[in-house]
Amino acid sequence: ILYLDVDMIATTSLSPLYNLDLWQYILGAVKRQINFNSGLLLIDAVAWRKWKIASKLVKLTDKLRDQIVMYDQDVLNQFFQDRYLHIDGKWNVKHVEIKSLEDSCIIHYTSPQKFNHPCSLQLIKYLRHTEYQTFNTHSLAELTFHNIYDKMQKTGEETVI
């Protein structure tokens, strides 16, 4: 199973990632400093079911309930610790780290400041083709990026990203 957070955009085919050999691991993820980011997970579904990982994660969640800050990410990192396949970082690049779209295979729009970066125009472009095209924009930054995107669409200008 290839799991991707909803706030991610693939800039290339996902076939190489999906076909990655997990070897003896149940899980593959991109390591970020100490922990992996749970926004992208490659899961061996057969082993996941065989070893009843879901029920073990639920039990661990109950045990760690008062210590959890990053929800599923904390629990998954605690459970798998360093027992997962480290996937190349280009498959889960934070949008604020991108200098150009060619730098990554998957862009991950992390943090509440998703719309405070020029690369966010890509996210807005794709949102316009979903049921979330009219989602509420509460911050000035979000409204600014929507307006910039709308103007680019009307004038036919390409993004510099």
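Structure first, text after, so check above.
Residues numbered from 1 in each chain as written. Predicted model: local features only at pLDDT ≥ 70, side-chain atom pairs only at ≥ 80, totals over all residues. Heavy atoms only, no water.

Draft legend 1. Focus on the pattern of salt bridges. In the structure shown here, the tally under the stated rule is 2 salt bridges. Here Arg32 makes a salt bridge to Glu97, at a shortest N to O gap of 3.3 Å. Placement of the pair is Arg32 in strand 3 (residues 27–32) and Glu97 in the loop between strand 6 (93–94) and strand 7 (106–108), with a sequence separation of 65 residues. By relative accessible area, Arg32 is classed as partly exposed at 22%. Using a relative accessible area of 39% as the deciding quantity, one classes Glu97 as partly exposed. Asp62 is the partner of Arg65 in a salt bridge, and the nearest nitrogen-oxygen pair spans 2.5 Å. (Salt bridge = Lys/Arg side-chain N within 4 Å of Asp/Glu carboxyl O. Helix = DSSP H or I, 4+ residues; strand = E, 2+ residues; numbered from the N terminus. Buried < 20%, exposed > 50% of the residue type's maximum accessible area, 1.4 Å probe, protein only.)

Draft legend 2. Expanded view of the layout of surface pockets. Here the second largest pocket defines a volume of roughly 200 Å³. Every residue along the wall of the second largest pocket is listed here: Asp5, Asn37, Ser38, Gly39, Met70, Tyr71, Asp72, Gln73 and His108. Secondary structure elements with two or more residues in the lining of the second largest pocket: strand 4 (35–43) and helix 4 (72–80). Here the lining of the second largest pocket is built from residues that sort into 2 nonpolar, 5 polar and 2 charged. (1 Å grid on protein atoms, 1.4 Å probe; cavity = no way out; pocket = protein on both sides within 12 Å on 5 of 7 lines; lining within 4 Å. Points joined across faces, edges and corners; volume = space filled by probe spheres on them. Nonpolar A, V, L, I, M, F, W, Y, C, P; charged D, E, K, R; others polar.)

Draft legend 3. Layout of the packing of aromatic side chains. As enumerated under the stated definition, the model contains 3 aromatic pairs in all. When the ring of Phe36 is compared with that of Tyr84, the centres are 4.6 Å apart and the planes differ by 65°; the resulting orientation is edge-to-face. Taken together, the positions of Phe36 in strand 4 and Tyr84 in the loop between helix 4 and strand 5 (85–86) put the pair 48 residues apart, joining distant regions of the chain. The same class applies to Phe36 as to Tyr84, namely buried. An aromatic cluster of three or more residues is present, and its members are Trp48, Phe79 and Phe80. (Phe/Tyr/Trp six-rings, centres within 6.5 Å; stacked < 30°, edge-to-face > 60°.)

Draft legend 4. Seen up close, the side chain of Ser38. Looking at the secondary structure, you find Ser38 in strand 4. Classification of Ser38 by relative accessible area gives buried; the value is 4%. For Ser38, the side chain forms a polar contact with the side chain of Asp72, separated by 3.1 Å. Ignoring sequence-local partners within four residues, the contact set of Ser38 consists of Tyr3, Asp5, Asp72, Gln73 and Leu76. (Polar contact = N/O pair within 3.5 Å; in protein donor to acceptor, adjacent residues only side chain to side chain. Contact = heavy atoms within 4.5 Å.)

Draft legend 5. Spotlight on helix 4. Buried residues of helix 4: Gln73, Val75, Leu76, Asn77, Phe79 and Phe80, and no others. Where the residues of helix 4 are buried, they touch strand 3, strand 4, helix 2 (45–50) and helix 3 (53–64). Positioned one or two residues after helix 4, Gln81 has a phi angle of 40°, which is positive.

Draft legend 6. The pairing of strand 4, seen in detail. Taken across its 9 residues, strand 4 has 8 buried, putting it largely inside the fold. Looking at chain direction, strand 1 (residues 2–4) and strand 4 are connected through 3 bridges and run antiparallel. By the bridge assignment, Leu2 is partnered in strand 4 with Leu42. Where strand 3 and strand 4 come together, 5 bridges link them in antiparallel fashion. Paired with Arg32 across the bridge in strand 4 is Asn35. In textbook terms, the turn of a hairpin is the stretch between consecutive antiparallel strands, and for strand 3 and strand 4 this stretch comprises 2 residues, one of which, Gln33, has a positive phi near 55°. (Pairing = 2+ DSSP bridges.)

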